[in-house]
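Fold and geometry: a report
As a plain string of letters, each chain reads:
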Amino acid sequence: MPEYPDELIRDLLRDGLSSEELEGLQRQDKDEDRFEQVLRLEQERLEWPERILLCLQAHLYVVEKDDGSKVVRCDCGQEFGDYQRNWKESALVFERAGADADAIYRGPRVADPDWSILREFYCPGCATQLDVEVVPRGYPFIFNVELDLGAVELRRQ
Amino acid sequence: MMMSLKDRLLERDRRMAELGRYEEKLELKERDPIRFELLYSKMVESVTSAHEVARRVSASPMSRELGEIIFGLYTPEGDAVALSRGLLIHVKTMSRMIKWMIENGYEDDPGFAEGDHYFNNDPYIGGAHCPDQMIVTPIWWEGELVGWAGGLTHTPETGGSEPGGFIPFARSRFDEGLFLPCVKVAENDKIKRDLEVLVERGIRSPIYWLTDNRAKITGSQIIREDVKGLIGQFGVDYFAKACREYIEDTRLAAEQRIRKVLPPGTYREVSWRGSMMPGDETLLHGPVAMTVTREGRLNFDYEGMSPAGRHPFQGTLPTIEGLVMNVVIQNLFYDLKHNEGVLLNIGLNVPKGSAGNPSSIFYPTALWGITYGAGLASGQAISRAYYAKGYREEVHATSALSSAYTAGGLDQYGRPFGAHNFEFAAAGLFATAVMDGLDTAGVEFNPEGEMGDAEIWEQMLPPVYLSREIHVDGGGYGKYRGGNGVMSLYLVSGTKDIDIGAFGAAPIYSAPGLMGGYPAGALYMWVGSRTNMHRLIAEGRPIPSGEGEDPAHPDFVEMVEARWELIPGANRSAQPAREGDLFTAMTGDGGGFGDPIERDPELILRDLENQVTTHWTARHVYCVAIDPETMEVDVAATEQLRRKQREERRSVGMPAQQYKARERETILRGDLAKPTARMFHAVLGSSEAFRRAFLEFWGLPESWEMTDPDRDDEEVE
Ligand SMILES: [Zn+2]
């Protein structure tokens, strides 16, 4: 039995928690089985036949396919290749500077592009904005999460 | 014969390395856990009362109103056992100071007698910069040194080349002010008069420094006397062993916590600051790779950090250490005993010679910017790991990059003064994965800090507030937006001799977002000189009360005739101002979380009602259709706008491989702006690991070398 009812954790995943419930979660000792519970609830929601191994970040999951490969997949179904490779290599990229930056930051709030630009990464499937890097021009993509999935799996057993 | 402290310190390090534990067995805890916890609660009570009493002794608003002060109890070897609330970033710095004195033979000369109080504000020993000032005192029991008590404050003036302690263009340590590295300032609990004279004549506003000293000495004495009482009650052997067990207790709990809540792997973030030194504007690189090991260790690797240089945006090793301790306490170990134990499962690699570990004390650290950035980025890395484990209630974006104004001259009472405003202790907080960032809430270096009443700042500094408002749309956009900070508009008044400066950053995006959220915008400052303010007031015409809805055309610029100057990044050397001049300062805002077009229109309506966002932003950033008259959301039109936004992304977004091919050409052409090119050139030359990663990512040959971006300039000379 999970320590928290499925309803509560489902609300957490769907942004439906009241501030009291949220504070309750933050104040308590962390529940041991959260990882399993979240995976189970996400599996139910997405109805994918393949097993979800891990929630990588907003919208992105590591999924084990029938052929044994482990890939990053967006909740829209778009795949980004092997999880050991940076998913950003398979995304759409847009550098936001100049007039494009003025379109959303007004006046002096726009950074000087000689110092800092925005690099937006979109899902090619659903066009969700998955990440916004703050970088100078010419900076390699940041590989944010490089998992030791073997160890995560070990702990699940 | 009793072991020297130096030998005890070596023995402590040897035991730690050999056992991997601070104390072999938790015998006292196991034998009688209630007695064990009782003593600890008495210790916490003592450091807390020292903190509260000291705040009332000091005349500095920094300590009194804002709570930029912390107290601690330490083992004889200088490891923290119990800490008060307050300026959490400095939990480690007094520890470093005590160890430094032991390592440098202070036990023999000048000695550690009962009633001695040692002062330090040298950040290369412990602390972040000249304003961080600590005082520690030994605790003796029947001829044996059984521990240390100490307190730390942040003083608003240091006697630097510019007023206010934060020297925005310090070229060397010698611009920062008066350093007293581990100097005995009191004997037999009596403050040495000659040292007070040194401060009285050495800095602009000595009252803050001097009364802070009294506050710290008072607090330390409270702890010292309490500890003696506790030893009388519990016995000296029990006390000494319990101190070690409290640290081991925390270490053990921290190890279990890491194993429980963070999945093994490596998590990477990058932070940026910039040196604005005229003619040598250089971006600074602050990467972090956090590795969670299978055994429950956390390693923070800052390989690739920019080299140290002649600018104030670097920090010392104790600063990074303190930041990491601060970040892990707030993100992971918030409910454990806050002591040295939180650091014992943590590995740090800060390359020697980098801006986080300068090779010479010559390099100034007045603004310690890149170490602060890298420290906050370490918290981001923890957030990523929390997300992967399903604990989304703990996930957050980055908190604000701080900024404020500094001033010096003659104050409204005709006295010499120098100080900074510190209301940025109430900056906008980060967005989280489940809610918006809090407005005007706090900063990570002091989770309990306060902004101080406007009247207090007006008493301390001559400028008066025309407005102090929530920075509209300051927080980074996102499904959950970052918290908005404060923007203040000041009028220079009541003095004929005043310089106004500011410390900020380079014009970079200030606080990165997370998982699709935008960063907060760049910092900026407006200065209006030779204004018609007095005529506006005399004629009873409207005067500005803030920035208004459009930061591109702020209300004050529209309403007041003046020579208006915009300072992108808000880093400004102190310059003369005159009666009637206006200027702004901002505290910084938090980063956003998630794709902004997923933001619930109801949240946008709420923000509009609270006047912390604008219809312009609702439409252009969040793609929400709201009727400004009826304040109703048009659901169908909103869906349409958001669909269009996704189409727009598909059309402007370039497949990553194609983008990389294009950018590779840019790099090969050397077509990068100076601040960026200088950063790459410096980091590629100083970090082999970064060079390899860079070449691999861009598919460049091993033989490729970046041209020195300043080479052409030199040839011209
Ligand atoms: Zn998608």
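All of these numbers come straight from a predicted model, not from anything done at the bench.

The rules we used
Residues numbered from 1 in each chain as written. Chains lettered and ligands numbered in written order. Predicted model: local features only at pLDDT ≥ 70, side-chain atom pairs only at ≥ 80, totals over all residues. Heavy atoms only, no water. Helix = DSSP H or I, 4+ residues; strand = E, 2+ residues; numbered from the N terminus. Buried < 20%, exposed > 50% of the residue type's maximum accessible area, 1.4 Å probe, protein only. Contact = heavy atoms within 4.5 Å. Areas by Shrake-Rupley, 256 points an atom, 1.4 Å probe, with all protein chains shown as cover. pLDDT = per-residue confidence, 0-100. Axes fitted to C-alpha atoms, helices over the stretch in contact; angles between N-to-C directions. Parallel < 35°, antiparallel > 145°, perpendicular 65-115°, else oblique. Left-handed = near helix turned anticlockwise from the far one by under 90°. Nonpolar A, V, L, I, M, F, W, Y, C, P; charged D, E, K, R; others polar. Donors = N, O, S within 2.8 Å, 3.2 Å for Na, K, Ca; no water. Tetrahedral: all angles 85-135°; square planar, octahedral: opposite > 155°, others 65-115°. Patch = residues over 30% accessible without salt bridge, like charges linked within 9 Å, V, L, I, M, F, W, Y side chains within 5 Å. Salt bridge = Lys/Arg side-chain N within 4 Å of Asp/Glu carboxyl O. Lys, Arg positive; Asp, Glu negative; His and termini not counted. Charge placed at Lys NZ, Arg CZ, Asp CG, Glu CD. Pairing = 2+ DSSP bridges. Buried area = accessible area lost by both parts, 1.4 Å probe. Polar contact = N/O pair within 3.5 Å; in protein donor to acceptor, adjacent residues only side chain to side chain.

1. Section: the overall build of chain A
Scanning chain A from terminus to terminus reveals five helices and eight strands. Along chain A, from the amino end to the carboxyl end, the secondary structure elements read α-α-α-β-β-β-β-β-α-β-β-β-α. On the principal axes, the C-alpha backbone points of chain A span a range of 55 × 45 × 25 Å. For chain A, buried positions account for 58% of its 157 residues. Within chain A, counting contacts between residues at least 6 apart in sequence, those at least 24 apart form 44% of the total. Summing over all exposed atoms, chain A offers an accessible surface of approximately 6300 Å²; the carbon and sulfur share of this is 45%.

2. Digging into the confidence of the model for chain B
Per-residue pLDDT for chain B averages 95, and the proportion of residues at 70 or more is 99%. With a pTM of 0.96, the predicted complex shows an ipTM of 0.98.

3. Describing the packing of helix H3 (residues 33-57) of chain B against helix H8 (residues 206-234) of chain B
The geometry of a pair of packed helices is captured by two quantities: the angle between their axes and the separation between those axes. Residues and elements named next belong to chain B. Look at H3 against H8: their axes get within 8 Å of each other, and the N-to-C directions meet at 160°. Our classification of the angle between H3 and H8 gives roughly antiparallel. As for the relative orientation of H3 and H8, their crossing is right-handed in sense. Contacts from Arg35, Leu38, Leu39, Lys42, Met43, Ser46, Val47, Ser49, Ala50, Val53, Ala54 and Val57 of H3 reach H8 at Thr211, Arg214, Ala215, Thr218, Gly219, Ile222, Ile223, Asp226, Leu230, Gln233 and Phe234. For the contact of H3 with H8, a count of residues per class yields 13 nonpolar, six polar and four charged.

4. Focus: the coordination of the zinc ion
Residue and element names in this part refer to chain A. Protein-derived ligands of the zinc ion are Cys74 (SG), Cys76 (SG), Cys123 (SG) and Cys126 (SG), with the metal-ligand distances lying across 2.2 to 2.4 Å. Coordination geometry of the zinc ion: the four donor atoms subtend angles of 104 to 114° at the metal centre, consistent with an arrangement described as tetrahedral. All donor residues of the zinc ion come from one chain, and their arrangement in sequence is C-x1-C-x46-C-x2-C. Of this pair, Cys76 sits in the loop between strand E3 (70-74) and strand E4 (79-82) while Cys123 sits in the loop between strand E6 (117-122) and strand E7 (129-135), and the two are 47 residues apart along the sequence. A residue is classified by how much of its surface remains accessible, and Cys76, at 38% relative accessible area, is partly exposed. On the basis of relative accessible area, Cys123 is assigned to the buried category, the value being 0%.

5. Remarks on a negative patch on the surface
All names here are of chain B. Negative charge collects at one region of the surface, where Asp7, Glu107, Asp108 and Asp109 lie side by side. A total of three residues in the negative patch trace back to one element, the largest contributor, which is helix H6 (residues 107-111). Position of Asp109 among the secondary structure elements: in helix H6.

6. Some details on the pairing of strand E20 (residues 582-586) of chain B
Residues and elements named next belong to chain B. Taken across its five residues, E20 has five buried, putting it largely inside the fold. Where burial is concerned, the two faces of E20 agree: the one with Leu582, Thr584 and Met586 and the one with Phe583 and Ala585 are both buried. Relative to E20, strand E17 (residues 524-529) runs antiparallel, the two sharing two bridges. Across the sheet, residue Gly528 finds its bridge partner in E20, namely Leu582.

7. Here we look at the interface of chain B and chain A
The partner chain A presents 79 residues to the 96 residues of chain B that form the contact. With both chains or domains summed, chain B and chain A bury close to 7400 Å², and 56% of this area falls on carbon and sulfur atoms. There are twelve salt bridges connecting chain B and chain A. For the salt bridge of Lys479 of chain B with Asp15 of chain A, the shortest nitrogen-to-oxygen distance reads 2.9 Å. The interface formed by chain B and chain A contains 49 residue pairs in polar contact (both at pLDDT 80 or more). Here strand E8 (residues 145-147) of chain A runs beside strand E8 (residues 265-275) of chain B; their pairing, made up of three bridges, is antiparallel. Bridging across to E8 of chain B, Glu146 of chain A finds its partner in Thr266 of chain B.

8. Re the side chain of Thr158 of chain B
Residues and elements named next belong to chain B. Among the structural elements, Thr158 can be located in the loop between strand E5 (144-154) and strand E6 (183-187). With a relative accessible area of 0%, Thr158 lands in the buried category. One polar contact links the side chain of Thr158 to the main-chain carbonyl oxygen of Glu176, over a distance of 2.8 Å. Setting aside chain neighbours within four positions, we find Thr158 in contact with Cys130, Pro131, Gly165, Glu176, Gly177, Leu178, Ile203 and Trp209.

9. As for the sheet that holds E4 of chain A
Residue and element names in this part refer to chain A. With respect to topology, four strands assemble into an open sheet ordered E1-E2-E3-E4, the strand pairing being antiparallel. Bordering the open sheet on either side are strand E1 (51-57) and E4, each of which pairs with just one other strand. When the angles between neighbouring strand axes are averaged without regard to direction, this sheet yields 25°. When E1 meets strand E2 (residues 60-64), the two strands line up antiparallel, connected through five bridges. Paired with Ile52 across the two strands is Val63, which belongs to E2. Sheet contacts for helix H3 (residues 34-46): E1 and E2; angle to E1, the most-contacted strand, approximately 105°.

10. A short note on the pattern of salt bridges
Residues and elements named next belong to chain B. If you walk through the whole model with that rule in mind, you get 86 salt bridges over all chains. A salt bridge links Glu702 to Arg691; its shortest N-O distance comes to 2.6 Å. Remark: Arg691 occurs in helix H20 (residues 688-698) and Glu702 occurs in the loop between H20 and helix H21 (711-716); sequence separation between them is eleven residues. Of the residues examined, Glu702 reaches a relative accessible area of 46% and is grouped as partly exposed.

11. Looking at the sheet that holds strand E7 (residues 190-191) of chain B
All names here are of chain B. Sheet architecture is open: seven strands sit in the order E2-E1-E5-E4-E3-E6-E7, paired in antiparallel fashion. Edge positions in the open sheet fall to strand E2 (80-83) and E7, since each of these has one partner strand only. Sheet topology note: the strand E4 (residues 132-141)/E5 ladder contains ten bridges and is antiparallel. Paired with Pro138 across the strands is Trp148, a residue of E5. Helix-sheet contacts for helix H5 (residues 93-103) involve strand E1 (69-74), strand E3 (117-120), E4 and E5, and the interaxial angle to E4 is about 60°.

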